[in-house]
Amino acid sequence: MTTRAGFVALIGEPNAGKSTLLNRMVGAKVSIVTHKVQTTRARIRGVAMEGDAQIVFVDTPGLFQPRRRLDRAMVAAAWGGAADADVVVLLIEAHRGVTEGVERILEGLADIGEGRRVALAINKIDKVEAPVLLGLSQDLNARFDFEETFMISAERGHGVDVLRRYLAGVLPEGPWLYPEDQIADLPMRMIAAEMTREKLTLRLHQELPYQMTVETENWEERKDGSAKIDQLIYVVRDGHKGIVLGHKGETIKSVSKAAREELEEFLGRKVHLFLQVKVRPNWLDDAERYSEMGLDFKDGNG
């Protein structure tokens, strides 16, 4: 039996559907999905099996115009993930077409695409008519020499199997990189923190966009098979702490309940989740927080 294995980087603008596509490919919720842009901070890898091939997905942060240190570190991680991959898949939203951001990504691809397989996936195809899709595909292929073009809906699953089969067929021959039953290389502590951060982002997307982070401080395996998880939510100012807690602690209670239920479903056992909010004014400039998120603090330099 000839096995294949390799890395596939999903790149695109924030909210292009990379996390949704990753979760659809892997068949489990590995990368957090919200309507808020820039929610994927670290290079989360999901592992999908297709026949005799093991596809390791590098779900990169969205590529956008960076303004702050955290932004710059995220964009550097995204391009780093693409440069390290065997195959790059550029995800474009059908209804948004070639935006300024997409044009910048195409320029970047000209630098790293040399000698590397680069495929195009046009996502959210249910939002536009067929002639528009055809025109967009022709326009993009005129701008960059994509090896293949796929029309997909990551949310509904249309075209995803065809894309996965293509990826499995073009990966290099070699032994699998992970045990067959392992779906993500992120430590469980980080997956747990990401789940809580997703719930916070969904609940507070108006008030606190990116100025909070979640860390799993302690993970204790109980004798009865359950897990006790203590997490810290860092915010940058006192006022934000009040927003996260909510009136009479209602917000944090509902976030904790939603995160705990999802963790229990993911782990298949009972979870005791305890959340605490701390004010740390300069966490956005704290090197340790970056390494927690799988980012390089030095990449944030101007």
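Just above sits the structure.
Description of the structure in this document.

Procedures and definitions
Residues numbered from 1 in each chain as written. Predicted model: local features only at pLDDT ≥ 70, side-chain atom pairs only at ≥ 80, totals over all residues. Heavy atoms only, no water. Helix = DSSP H or I, 4+ residues; strand = E, 2+ residues; numbered from the N terminus. Buried < 20%, exposed > 50% of the residue type's maximum accessible area, 1.4 Å probe, protein only. Contact = heavy atoms within 4.5 Å. Axes fitted to C-alpha atoms, helices over the stretch in contact; angles between N-to-C directions. Parallel < 35°, antiparallel > 145°, perpendicular 65-115°, else oblique. Nonpolar A, V, L, I, M, F, W, Y, C, P; charged D, E, K, R; others polar.

By secondary structure assignment, the location of T251 is in helix α8 (residues 250-267). Owing to a relative accessible area of 8%, T251 belongs among the buried residues under this scheme.

As for its placement among the helices and strands, V128 is situated in the loop between β5 (117-123) and α4 (130-143). Residue class for V128 comes out buried when judged on its relative accessible area of 19%. A C-alpha to C-alpha distance of 6.7 Å links V128 and A94, two positions 34 residues apart in sequence. Setting aside residues no more than four positions away along its own chain, V128 makes contact with A94, H95 and L133.

Relative placement of two packed helices is described by the angle separating their axes and the distance separating the axes. Where helix α1 (residues 18-26) meets helix α5 (residues 160-170), the closest approach of the two axes is 10 Å, and the angle between their N-to-C directions is 75 degrees. When the axis of α1 is compared with that of α5, the two are roughly perpendicular. Between α1 and α5, the residues in contact are L21, R24 and M25 and V160, L163, R164 and L167, respectively. For the contact of α1 with α5, the residue count by class is 5 nonpolar, no polar and 2 charged.

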